[in-house]
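Remarks on the overall topology
Residues per chain are reported as follows:
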Amino acid sequence: MADEPLVLGIETSCDETGVGIVRGTTLLADAVASSVDTHARFGGVVPEIASRAHLEAMVPTIERALKTAGISARDLDGIAVTAGPGLAGALLVGVSAAKAYAYALNKPLYGVNHLASHICVDQLEHGPLPEPTMALLVSGGHSSLLLAPDITADVRPLGATIDDAAGEAFDKIARVLDLGFPGGPVIDRLAREGDPKAIAFPRGLTGSRDPLYDFSFSGLKTAVARWIEAKRAAGEEVPVRDVAASFQEAVVDVLTRKAVRACKDEGVDHLMIGGGVAANSRLRALAQERCERAGIRLRVPRPGLCTDNGAMVAALGAEMVARNRPASDLELSADSSLPVTEPHVPGEAHGDGDGHGQGHAHSHDHDHVHEVSKKNLYS
């Protein structure tokens, strides 16, 4: 175990300031500072508030993680940070902090992809990922089916949401029902006391001519909202628990159906589910039921590792070190639209995985939010 890479990971893509420390695939510390209570009165995440909260929480959260792990920052073999996708300002706080620590400690820096990190975190609970890995990622901003032959270098999108993500739909329906924010946990709780068959809500993109692996929850969200409005307009009481259960069933039915089909079509005998919505109890239960029927092994991290956290970033960073992937340079930029096809951002001169640059420029079509030279940042 002592020979495995010791990596600190920083996650600030949204409203959670997460700092994790792993050694190889062993979790040593997972410190999180959340600003969700501050955002709750606005009914959603306010980017500027999230950024300021990250600034305030960053150093104390890093210090807490180091203390929990029982190590010094100088013991680290590398520092990993979410470079994207996410909220631009929030990402900048994490990237800037990671660059400062990497520079001060003279440690390699790894800018990694938020979505790939959500897949890699499962290694901390269930051991090394199979190759390829089929992953269903569901959160407030993403609903994606991904095939990952190599989590550090080759992640292939099979399908994604074309409008609202699953978690976003949960939040919006919770708002219509006056249940507060975030909506996922309260809908999950109320749905346990409701009838999932009480109301026949639509299943988006499940027709014979629809894309096999893409998702759409905007129509479902609208259908549920109109159903609730009709009840209220007629002066009738809204059966909140039945609405929650029926809505939730419509979401998880589509998610699990498409994920299992993708496994069968691609010849993959396992499915990994990650992201904040993976904490949903009904999603877990239905996925387990359908996977067992299909002979597919299900891997789902415990709920605390499904939501945004630094441990997932550290896990992917440790894998980068273990596979000798090239580190990022100190001109690493936060990229709010970083595509999942880029599991990590190796910098302006990266090589073929041996750690030696070969002058190949890293670029893609998404605008970088921020670029600052080492000279300007640290002079």
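Residues numbered from 1 in each chain as written. Predicted model: local features only at pLDDT ≥ 70, side-chain atom pairs only at ≥ 80, totals over all residues. Heavy atoms only, no water.

Overview of the packing of helix H7 (residues 183-191) against helix H9 (residues 240-266)
Closest axis-to-axis distance for the H7/H9 pair is 8 Å, and the angle between their directions is 110°. Relative to H9, H7 is oriented roughly perpendicular. On H9, the residues touching Ile187, Asp188, Leu190 and Ala191 of H7 are Val240, Arg241, Ala244, Ala245, Phe247 and Gln248. By residue class, the composition of the contact of H7 with H9 is seven nonpolar, one polar and two charged. (Axes fitted to C-alpha atoms, helices over the stretch in contact; angles between N-to-C directions. Helix = DSSP H or I, 4+ residues; strand = E, 2+ residues; numbered from the N terminus. Parallel < 35°, antiparallel > 145°, perpendicular 65-115°, else oblique. Contact = heavy atoms within 4.5 Å. Nonpolar A, V, L, I, M, F, W, Y, C, P; charged D, E, K, R; others polar.)

Quick look at the packing of aromatic side chains
Across all of its chains, the model carries three aromatic pairs by this definition. Measuring from ring centre to ring centre gives 6.3 Å for phenylalanine 201 and tryptophan 227, while their planes differ by 85°; the resulting arrangement is edge-to-face. Placement of the pair is phenylalanine 201 in the loop between H7 and helix H8 (218-233) and tryptophan 227 in helix H8, with a sequence separation of 26 residues. Accessibility expressed as a relative area gives 5% for phenylalanine 201, which makes it buried. When its relative accessible area of 26% is taken as the criterion, tryptophan 227 is described as partly exposed. (Phe/Tyr/Trp six-rings, centres within 6.5 Å; stacked < 30°, edge-to-face > 60°. Buried < 20%, exposed > 50% of the residue type's maximum accessible area, 1.4 Å probe, protein only.)

Remarks on the sheet that holds strand E8 (residues 154-160)
Neighbouring strands of a sheet are bound in pairs by backbone hydrogen bonds; such pairs are parallel or else antiparallel. Taking strand neighbours across the sheet as the criterion, the five strands line up as E8-E7-E6-E9-E10 in an open arrangement whose pairing is mixed. Edge positions in the sheet fall to E8 and strand E10 (297-299), since each has one partner strand and no second. Taking each pair of neighbouring strands and ignoring which way they run, the sheet shows an average axis angle of 25°. Relative to E10, strand E9 (residues 270-274) is paired through three bridges, and the arrangement is parallel. (Pairing = 2+ DSSP bridges.)

Regarding H7
Every α-helix winds through 3.6 residues per turn, so residues three or four apart in the chain are directed the same way. Buried residues of H7: Gly183, Val186, Ile187, Asp188, Leu190 and Ala191, and no others. The elements touched by buried residues of H7 are helix H6 (166-176), H9 and helix H10 (281-294).

Some words on the environment of glycine 317
Within the fold, glycine 317 resides in helix H12 (residues 310-322). Placed 76 residues apart in sequence, glycine 317 and arginine 241 show a C-alpha to C-alpha distance of 42 Å.

Focus: the layout of surface pockets
Each pocket or cavity is described by its volume, and for the largest pocket that value is around 1,100 Å³. Along its surface, the largest pocket is lined by 35 residues, and Cys14, Ser139, Gly140, Gly141 and Asp171 are the ones closest to its centre. Those elements that provide at least two residues to the lining of the largest pocket are H6 and H7. The element best represented in the lining of the largest pocket is H6, accounting for six residues. Within the lining of the largest pocket, the residues separate by chemical class into 13 nonpolar, 14 polar and eight charged. (1 Å grid on protein atoms, 1.4 Å probe; cavity = no way out; pocket = protein on both sides within 12 Å on 5 of 7 lines; lining within 4 Å. Points joined across faces, edges and corners; volume = space filled by probe spheres on them.)

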